[in-house]
Amino acid sequence: MSTPRTVARPRKLRALNDQLLGWLLLLPAVLLLALAVVYPVARLLHDSLFDIQLSGAAPVRFIGLQNYQDLLADIDARRAAGNTLLITLITVPLSLLAGLLMALGANLNWRRRWPIRLALLLPWALPMAFSGMIFAWFFNSDHGVVNDLLQRLQLPTVRFLLSPFWAPLCVCLATIWKTSSFVALILLAGLQTIPRELHEAAEIDGASRWNRFWHITLPLLKPSIVVALIFRTVSALQTFDIPYAMTQGGPGHATQTLAMLINTTAVDYLNVGYGSALAVLLFAVSLGISALYLRHVYQEAQ
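Residues numbered from 1 in each chain as written. Predicted model: local features only at pLDDT ≥ 70, side-chain atom pairs only at ≥ 80, totals over all residues. Heavy atoms only, no water.

Undergrad: What's the story with the packing of helix α7 (residues 166-191) against helix α9 (residues 209-237) in this structure? I'm lost.
TA: Helices that pack against each other are described as a pair by the angle of their axes relative to one another and the distance between those axes. The contact between α7 and α9 brings their axes to 9 Å, and the two run at 140°. Between α7 and α9, the crossing angle belongs to the class labelled oblique. Note that α7 runs across α9; the crossing there is right-handed. Contacts from Thr 175, Thr 179, Phe 182, Val 183, Ile 186, Leu 187, Gly 190 and Leu 191 in α7 reach Thr 217, Leu 221, Ser 224, Ile 225, Val 227, Ala 228, Phe 231 and Arg 232 in α9. (Axes fitted to C-alpha atoms, helices over the stretch in contact; angles between N-to-C directions. Helix = DSSP H or I, 4+ residues; strand = E, 2+ residues; numbered from the N terminus. Parallel < 35°, antiparallel > 145°, perpendicular 65-115°, else oblique. Left-handed = near helix turned anticlockwise from the far one by under 90°. Contact = heavy atoms within 4.5 Å.)

Undergrad: I tried to follow the packing of aromatic side chains on my own but got confused; where do I start?
TA: Each aromatic ring pair is characterised by the separation of its centres together with the angle its planes make. Scanning the model with the defined rule gives twelve aromatic pairs in all. Taking the centre distance of 6.4 Å and the plane angle of 25° together, the rings of Phe 135 and Phe 139 count as stacked. Here Phe 135 matches Phe 139 in class, with each residue buried. Between Trp 137 and Phe 138, the aromatic rings sit 5.4 Å apart at their centres with planes inclined by 40°, giving tilted as the arrangement. Put simply, the rings of Phe 135, Trp 137, Phe 138, Phe 139, Phe 160, Phe 165, Trp 166 and Trp 177 touch in pairs and so form one group of aromatic residues. (Phe/Tyr/Trp six-rings, centres within 6.5 Å; stacked < 30°, edge-to-face > 60°. Buried < 20%, exposed > 50% of the residue type's maximum accessible area, 1.4 Å probe, protein only.)

Undergrad: When you look at α7 in this model, what are you seeing that I'm missing?
TA: The α-helix winds at 3.6 residues per turn, so residues separated by three or four positions along the chain end up facing the same way. Taking 1.5 Å per residue, 26 residues should reach 38 Å; α7 reaches 36 Å between its end C-alpha atoms and fits that length. Taken as a whole, α7 carries its principal kink of about 30° at Thr 179. Counting buried positions along α7 yields 19 of 26 residues, so the element is predominantly enclosed. (Expected span 1.5 Å × (residues − 1). Bend = angle between axes of the 7 residues up to and from the residue.)

Undergrad: Mind showing me how you'd approach the pattern of salt bridges here?
TA: Where side chains of opposite charge bring their charged atoms close, a pairing between them can arise. Applying the stated rule across the entire model yields four salt bridges. Across the pair Asp 47 and Arg 43 runs a salt bridge whose closest N-O atoms are separated by 3.2 Å. In this pair, Asp 47 and Arg 43 are both assigned in helix α1 (residues 4-47), four residues apart and thus about one turn of the helix distant. Asp 47 gets classed as buried once you look at its relative accessible area, which sits at 11%. Residue Asp 51 pairs with Arg 61 through a salt bridge whose shortest N-O separation is 3.5 Å. Taken together, the residues Asp 51 in strand β1 (residues 50-51) and Arg 61 in strand β2 (residues 61-62) connect sequence positions ten residues apart. Among the residues examined, Arg 61 registers a relative accessible area of 48% and is labelled partly exposed. (Salt bridge = Lys/Arg side-chain N within 4 Å of Asp/Glu carboxyl O.)

Undergrad: Any chance you could explain helix α11 (residues 258-268) here in plain terms?
TA: Residues Leu 258, Ala 259, Met 260, Leu 261, Ile 262, Thr 264 and Thr 265 constitute the buried set of α11. Just downstream of α11 lies Leu 270, where phi reads positive at about 60°.

Undergrad: When you look at unusual backbone geometry in this model, what are you seeing that I'm missing?
TA: Keep in mind that most residues, glycine aside, have a negative phi and that most peptide bonds are trans. Following Gly 250, the chain continues to Pro 251 via a peptide bond in cis, the omega torsion being -5°. Examined against the element boundaries, Pro 251 turns out to sit in the loop between α10 (241-246) and α11. A positive phi angle, close to 60°, is found at Gln 154, a residue other than glycine. Note on placement: Gln 154 falls in the loop between α6 (145-152) and α7. Residue Gln 154 is classed as exposed on the basis of its relative accessible area of 74%. If you check the backbone angles, Leu 270 has positive phi at about 60° while not being a glycine. Along the chain, Leu 270 turns up in the loop between α11 and α12 (272-301).

These results come straight from atomic positions and should not be treated as a statement about function.
Set out below in structure tokens:
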């Protein structure tokens, strides 16, 4: 006859085996995460503490936080950080607004919605650099579409990509066009999870379309909005392809972003140590902003 102790022991063994099996199943994902994320970040932090000049015969030497001190005094780094911040502040809210409008239009109860939804996919499917090349042609000083229209309207032409004022705005416009469709796809997925019965009940109660949007759609869409903001903000901070394809960072340094400065420093000038310090700065800012968004989501869930 089995005693309670002998019955409890197999249960504990089964629970232990289940827990061990769970860890074994997670082990490949943990190893892959460590290989793809943890090691590169650790190596980046390590290299940022050394003077690594691949362009000469100087030996690698430990310099501590000297690269970070140089970064704070570097006018090029401050200028690139300002350009990155400008692009982020302009493109993120406007991409969210444009994406929300497109998602609402694609979510309407029309018979033939597939052309609208297909149109949302096209800008997102194009490579970043190709989108930049398209807008570089649009705003070309001699053969661009925009200047051609201005000439037809008998208006003075503008050297858009050669102007320190207009070039960043053209880059922002190209970025908004490219990224708003991605935001729209995320928000459209969120809109489709909202039960239509809520809108129907509110409509029966006499709520206007604006009230239904403000009190039903927008609150229930907040998780999707936060997800879109996380992706969009991080990608805006790491902007490289579009300004590189349109202006190569010019005129002067008017459109050079932090990601472009990292590429120039580490790849063109072969200053790996200082380039790693710049990359650590960009990684820390991206991680910090993502943490703020996730903290907001956690507080909303409580």
